[in-house]
Every structure is written in C-alpha cells, then in structure tokens.
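# Remarks on the overall topology
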Amino acid sequence: MPSEQVWSKLQELLDDGLKSIGSAADENALVALQKRFFGKKGEVQAYMQHMKELTPDERPKLGALVNQVRDKLEARFVEAQKHLEEAKMLADLKHRRVDLSLPGRLPMRGAEHPLQKTQREIEDIFLSMGFEIARGPQSEWDYFNFEALNFPEDHPARDMQDTLMLENGSLLRTHTSPVQVRTMLCYEPPIRIIAPGTVYRRDDDVTHSPVFHQIEGLHIEKGLNLTHLRGILQLFAQSLFGKNTKIRLRPSFFPFTEPSVEVDIACIFCGQKGCRLCKQTGWIEILGAGMVDPNVLREGHIDPEVWSGWAFGVGIERVAMLLHGISDIRLFFESDLRFLGQFRR
Ligand code: FA5
C-alpha cells in the first residue's frame, strides 16, 4: 500500500474507533471493542504490518502515528468506561430512591472487657512503682501450687482452695502464688514483680466463679517489713479507688506468709456509715497478703537470714465489681453486649 493510503487508513481507523467506543451501549460492547482495537490481532496492531511497504525513513513515522492512535483510542476507552459506570449508578439510584436525609448507621464499636481494663489499671499502678510483670503456667504442679508454698501434704489448709485436678497428675492452679517460687528460682533478689493470670477453683455462686483472675505481687529486698507492705498497698488502694481511700490490715492465715493479713478498704459506697455492700461494717475486704514465709524463700533458694519479702494476691473480678458496683460475677463471663457496651470509653 502506498504511504499516503496508509496515513489516510490510519486516520479512518482513528475516526471510526473514537466514534464506536464513544457510543458503546454497555459494558459488553466495550469489551468487544477493546478486543477489536487493542487485541493481539486487533486493528491497531495490524497497521504495524505495513512497515515493510514503507521506505526506511517513513517507518519510524508510522510507528509514532500508530502509537498516537492507540493512545487516543485508549483515552476514549477509559472515558467511555467511566461514563457507563456513572450512568449505571444514576439508574440504580433512581431505582433505589435513596433518602439522603436519613441519619447514617454508625459501625459497631468494640470495648475493652471490664476485667481486661481493671487488670491493665492495676498493672499500670505497679509498673509505675518499678515492678515488672512475671507469668506462670495455668496447668501447674502440686509442688509449685502447694508444697513449695508451705502447704504440707494432707494439711487442712489445702481445703481452703478446692482444686481441679488434671489427668496427667498436674492441676489447674488455684492461685497466682506459684509464680512466686518460679520467679525466685529464675532471678536473683532483689525481686519486684506482679504476676497477673487466670486461676481455677471448684467454686460457683454470685461472687465466686470457677474461673477467675488474680494479680500476685512479690517484693524481695533486704530489711523489708510489714510497714513497707502497708505503704505500697495504701498507695495501690488510693490510685484505684480515690486519693482519700483508707485501708486496714487484719490478722489472717496463709501457709506461705507469716504474719498473714487480710486487707480491707473503707467502704467506698457508704463512706463507712454501714450499708448492705460492706455488711454494715464500714469495711470491704480486697486482698490477702503477708510477709513471705522463710520456708518459701528457702524453696526459692533465697537465704531468709539475708533477704525478706512481702507478697499479696488480689482478685481482679472483686476489684472490678467494687469499681463498677456489679453484684453478680457471672456478668463478666456471659458475653452480653448490653453489659459489656457500658464499658466503652
Ligand atoms: C489467695 O489466693 C492467696 N494466694 C493470696 C495471697 C497471695 C495471700 C500472697 C498472701 C500472699 P484467697 O484465696 O483469699 O488468697 O484469694 C484471693 C482473692 O481472690 C480473694 O480476695 C478474692 O477476691 C479472689 N477469689 C477467691 N476465690 C474466688 C472465686 N472463686 N471467684 C472470684 N474471685 C475469687
């Protein structure tokens, strides 16, 4: 084909292409046109075959012109696609009659679980005082859960914590205190840790759950005594329940602390006037604590002649119930969104 004919055919192709693409009726027609013009054997590519009919200085001109034609057709193609999409959307909208004055629907927002939130708040208080977080296994050996904590075999103190036994001879830990000895065996004193975790007991009523959570605190240092324990727990109670919160220590018994104490806070509900929640006493028990028994330090390979320590164990559910005025512990475990949604920040 002589070169003038090639040029004019190319112009025809461009005119025809722009017109047909511009008037494509739907998506299917566009796809067919795409194949017709841009396919491997499409009409644009076909022009490259005329190369050999041209003189060497005309060939680059043909290449450039074919590219220009392709670019223009492609641009028209993108335009047509956009136009078809818009037309489809408008048709849809007409059909659906969207009422733009209706309020939008808010996506559902999650919330931190109240137990997780309480645990984090307690952790933050102790982390700010230089304590570190330690952890231990939930399936535990009798040795760490009882024996190393000074509960001799068949000692009636074991009945204080109804234990769930596992088939391999281990048990579900009944408290976080086993982390005390595990930590002593791993680290040299001074030690300052808190150990949050899940614990299990054969226990089930409105204030006791078979699965619950505790945070253990352990401080081992030279020259510690009960006043250090009292000071830290006072600070803890004030950070959690308010700066005027008073605490008191009552003598108690745990095999692994000597002396042992129960710690009460002045009733935050009635200001110590006496109410149903403090059973008219003005005080509410929040945790057990005491000075680490020398036998326990020895089990942890720590010399009780040199080092002394205090420890405490607090129930996270108990604290969360007090903080939020919740009277039934089962609410924490029922996954009822009406209850959990109230803890959104
Ligand atoms: C202990 O578990 C001791 N290990 C605490 C301790 C640690 C004392 C270190 C001294 C030194 P106790 O059995 O009292 O103690 O439990 C501690 C707290 O766990 C209780 O005050 C209570 O808040 C919580 N608790 C106990 N049983 C349940 C239960 N079934 N459901 C929910 N919370 C519970």
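## Describing the overall build of the protein chain
A tally of helices and strands in the protein chain yields eleven helices and ten strands. Relative to the 2.2 N^0.38 estimate, which gives 20 Å for 345 residues, the radius of gyration of the protein chain is 39 Å and therefore markedly larger than a compact globule would have. Burial status across the protein chain gives 42% buried among its 345 residues. Partitioning the contacts of the protein chain with sequence separation of at least 6, the portion at a separation of at least 24 is 66%. Taking the average place of the 43 positive charges on the side chains of the protein chain and the average place of its 48 negative ones, the gap between the two points comes to 8 Å.

## Quick word on the pattern of salt bridges
Two side chains of opposite charge can pair, provided their charged atoms sit close to one another. Throughout the structure, instances matching the rule amount to 13 salt bridges. A salt bridge links glutamate 221 to arginine 192, with the nearest nitrogen and oxygen atoms 3.9 Å apart. Linking glutamate 221 in strand β6 (residues 211-221) with arginine 192 in strand β5 (residues 191-200), this pair joins segments that are 29 residues apart in sequence. It is possible to trace a salt-bridge network through shared partners that takes in Asp16, Arg36 and Glu43.

## Notes on the environment of lysine 117
The topology assignment puts lysine 117 in helix α5 (residues 114-127). For the pair lysine 117 and phenylalanine 343, spaced 226 residues apart in the sequence, the C-alpha separation amounts to 9.0 Å.

## Some details on the sheet that holds β6
One open sheet holds the seven strands; their spatial order is β1-β5-β6-β10-β9-β8-β7, and the pairing between them is mixed. Bordering the open sheet on either side are β1 (132-133) and β7 (247-254), each of which pairs with just one other strand. Pairing between β7 and strand β8 (residues 257-266): seven bridges, direction antiparallel. Looking at the pairing, phenylalanine 254 lines up with threonine 257 of β8. Along the sheet, α5 contacts β1, β5, β6 and β10 (308-315); its crossing angle with β5, the most-contacted strand, is approximately 165°.

## Quick notes on the state of the cysteines
As enumerated under the stated definition, the model contains zero disulfides in all. Residue cysteine 275 stays outside any disulfide, its sulfur separated by 3.7 Å from that of cysteine 278, the closest cysteine.

## Overview of the domain arrangement of the protein chain
Domain boundaries assigned for the protein chain yield domain 1 (3-95) and domain 2 (114-343). The C-alpha-based centres of domain 1 and domain 2 are spaced at 77 Å.

## Re the side chain of serine 260
Note that serine 260 resides in strand β8. Among the polar contacts listed, one links the side chain of serine 260 to the backbone nitrogen of phenylalanine 254, at a separation of 3.1 Å. Residue contacts for serine 260: discarding those within four places in its chain leaves Arg250, Pro251, Ser252, Phe253, Phe254, Ala289 and Gly290.

## Focus: the packing of aromatic side chains
Scanning all chains against the criterion turns up 13 aromatic pairs. Considering the side-chain rings of phenylalanine 332 and phenylalanine 339, the 6.1 Å spacing of their centres and the 70° angle between planes classify their relative orientation as edge-to-face. In this structure, phenylalanine 332 and phenylalanine 339 share a single accessibility class: buried. Through a chain of ring-to-ring contacts, three or more aromatic side chains come together here, namely Phe126, Phe131, Phe236, Trp310 and Phe312. Arginine 182 extends its terminal NZ or CZ atom over the ring of phenylalanine 144, reaching a point 4.2 Å from the ring centre. Positioned above the aromatic ring of phenylalanine 131 is the side chain of arginine 192, whose terminal nitrogen or guanidinium carbon lies 5.9 Å from the ring centre.

## Structural notes on the site of the ligand
Near the ligand you find 24 residues, and of these His175, Ser177, Arg201, Ser209 and Gln214 are the closest. At 2.9 Å from a nitrogen atom of the ligand is found a side-chain nitrogen or oxygen belonging to histidine 175. The separation between an oxygen atom of the ligand and a polar side-chain atom of arginine 201 is 2.9 Å. With the chains in place, 93% of the 680 Å² that the ligand exposes on its own is no longer accessible. Of all the secondary-structure elements, those providing two or more residues to the shell around the ligand are β6, β9 (283-292) and β10. For the shell around the ligand, the element with the most residues is β10, which contributes four residues. Residue composition of the shell around the ligand, grouped by class: seven nonpolar, twelve polar and five charged.

Cut-offs applied
Residues numbered from 1 in each chain as written. Predicted model: local features only at pLDDT ≥ 70, side-chain atom pairs only at ≥ 80, totals over all residues. Heavy atoms only, no water. Helix = DSSP H or I, 4+ residues; strand = E, 2+ residues; numbered from the N terminus. Rg over C-alpha atoms; globule rule 2.2 N^0.38 Å. Buried < 20%, exposed > 50% of the residue type's maximum accessible area, 1.4 Å probe, protein only. Contact = heavy atoms within 4.5 Å. Lys, Arg positive; Asp, Glu negative; His and termini not counted. Charge placed at Lys NZ, Arg CZ, Asp CG, Glu CD. Salt bridge = Lys/Arg side-chain N within 4 Å of Asp/Glu carboxyl O. Pairing = 2+ DSSP bridges. Axes fitted to C-alpha atoms, helices over the stretch in contact; angles between N-to-C directions. Disulfide = S-S within 2.5 Å. Domains from an automatic or database assignment. Polar contact = N/O pair within 3.5 Å; in protein donor to acceptor, adjacent residues only side chain to side chain. Phe/Tyr/Trp six-rings, centres within 6.5 Å; stacked < 30°, edge-to-face > 60°. Lys NZ or Arg CZ within 6 Å of the ring centre and 35° of its normal. Near = heavy atom within 4 Å. Areas by Shrake-Rupley, 256 points an atom, 1.4 Å probe, with all protein chains shown as cover. Nonpolar A, V, L, I, M, F, W, Y, C, P; charged D, E, K, R; others polar.

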